[in-house]
Amino acid sequence: MADGIGLSIGSAHLTAVHVGRAAVRRSAVLTRYPHRPPEVGVPSENPKLAERGLILTDFVDRVGDPVPMVAPDGSSHRAEVVLVDSLRAVLLTLFGGRPVAEPVGVAYPAHWRPAAVDALRGVLATVPEFRTPLPALLVSDATAALTALQQDPGVPARGVIAVGDFGASGTSVTLADAANGFQPIGPTVRNDDLSGELIDQALLTRVVSGLAAGGSVDVTGTSAIGSLGRLRAECRAAKERLSTTTVT
């Protein structure tokens, strides 16, 4: 939607975009507080995460699950409610906390089953930012990607188009009918054996093995935990740079 707000749901990240504003990208981590609105992301990307709260993770892939999530404090939470709270938080961040009065489009993972989409739609309808001035428009991320590509640089107006989504938790392939509004041809195929997280882990294992063999680091020591965390982030950044830079 060129004149509205776009929100994208990924298992690892949530993104909010609006024409004329810098996009906001946050890790799919929600921190709830008893005295103020929840915050989304991790401290390195959200400076408002300066105090302890109830941290909720791994909720995106649980949307539509009838079994509630159990938080570290023993409390139960519906994954779709946690996701909508996170989407609202990233939306408000995009607008600096100011009220939002524009249409919102939400792109959900194409491999989601109808039960997950319905669960998300039901919770979105209870939140003012996603109810007015128009109900939030829900589309699969494959359809959203094809619609954007149709504008620039362009895609064929006829035939079958294959869309590959190489995400953090798995890879999805969707076949769409270009002449029929990019409607999917059959269900999206999902493969969990090829994912960004597994590639990150493979890169980290390779690098750590080389460091350990050379005596550069003691991977069994507790002092190495923080360094390994930073190293994993650097491995992930290197993987992402390979999308545009052949030598990394």
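Just so you know, the residues in each chain are numbered from 1, in the order the chain's sequence is written. Side-chain atom pairs in this predicted model are given and counted only at pLDDT of 80 or more, local residue features only at pLDDT of at least 70, and totals for whole chains, interfaces and linings cover all residues. Side-chain figures throughout are based on the complete set of non-hydrogen atoms in the structure, without hydrogens or water.

Peer 1: Where do I start with the packing of aromatic side chains in this structure?
Peer 2: A ring pair, where both rings are aromatic, is described by two values, the distance of the centres and the angle of the planes. Note on ring pairs: Phe, Tyr and Trp rings are taken, using the six-membered ring of Trp, and paired if centres are within 6.5 Å. Classes follow the plane angle, with under 30 degrees stacked, over 60 edge-to-face and the rest tilted. Taken as a whole and judged by the stated rule, the model has one aromatic pair. Ring geometry for Y108 against W112: centres 6.1 Å apart, planes inclined by 15°, an arrangement best described as stacked. For the pair Y108 and W112, one class covers both residues: buried. Geometrically, a lysine NZ or arginine CZ counts as sitting over a ring once it is within 6 Å of the ring centre and also within 35 degrees of the ring normal. Between the NZ or CZ atom of R36 and the centre of the ring of Y33, over which it lies, the distance is 3.9 Å. Partly exposed describes any residue whose relative accessible area lies between the buried limit of under 20% and the exposed limit of over 50%, with all areas from a 1.4 Å probe on protein chains only and scaled to the type maximum.

Peer 1: Is there a simple way to explain the nonpolar core in this structure?
Peer 2: Among soluble globular proteins, nonpolar side chains are generally buried collectively. If you look at the biggest cluster of nonpolar residues, it comprises 42 residues, and the most contacted ones within it are I9, L83, V106, W112, L120 and F130. A run of H or I in DSSP becomes a helix once it reaches four residues, and a run of E becomes a strand once it reaches two; helices and strands are each numbered from the N terminus. No other element matches the 10 residues that helix α1 (residues 79–94) contributes to this core. Setting aside its immediate chain neighbours within four residues, F130 contacts L7, V84, L87, R88, L91, V104, L124, P135 and A136. Here the nonpolar core consists of buried residues drawn from Ala, Val, Leu, Ile, Met, Phe, Trp, Tyr and Cys, with membership extended through side-chain atoms lying within 4.5 Å. Counting residues in each nonpolar core, the second largest holds eight residues, with A110, A176, A178 and F182 among its members. Only heavy atoms matter for contacts: two residues are in contact if any of them lie within 4.5 Å across the pair.

Peer 1: So what exactly am I meant to see when it comes to α1 here?
Peer 2: Helical periodicity: at 3.6 residues per turn, an α-helix aligns residues three or four positions apart in one direction. Compared with an ideal rise of 1.5 Å per residue, which puts 16 residues at 22 Å, α1 spans 23 Å between its outermost C-alpha atoms and is within 8% of the ideal. Counting buried positions over the 16 residues of α1 gives 12, a clear majority of the element. Along α1, the positions that sit buried rather than exposed are A79, E80, V82, L83, V84, S86, L87, A89, V90, L91, L92 and L94. Once α1 finishes, G96 follows within two positions and takes phi at roughly 65°, a positive value. For a helix, the expected span equals 1.5 Å multiplied by the residue count minus one.

Peer 1: Where do I start with the pattern of salt bridges in this structure?
Peer 2: Opposite charge on two side chains permits pairing when their charged atoms draw close. Every case where a carboxyl oxygen of Asp or Glu lies within 4 Å of a side-chain nitrogen of Lys or Arg is listed as a salt bridge. Considering all chains together, one arrives at nine salt bridges under this definition. Where E80 meets R78, a salt bridge forms, and the shortest distance between an N and an O atom there is 3.2 Å. D192 is paired through a salt bridge with R190; the nearest N and O atoms lie 3.5 Å apart. A relative accessible area of 27% means that R190 is categorised as partly exposed. Through salt bridges with shared partners, a single ionic network connects R36, E39 and E51.

Peer 1: Which parts of the structure should I look at to understand helix α4 (residues 196–213)?
Peer 2: Under the 1.5 Å per step criterion, the end-to-end length of α4 is 26 Å for 18 residues, consistent within 8% with the ideal 26 Å. Turning to α4, its buried residues are G196, D200, L204 and V208. One side of α4 carries all its buried residues, which in axial view fall inside an arc of 90°. Opposite the packed face of α4, turned more than 90 degrees from it, sit the exposed residues R206 and A213. When we speak of the arc, we mean the arc of directions from the helix axis to the C-beta atoms.

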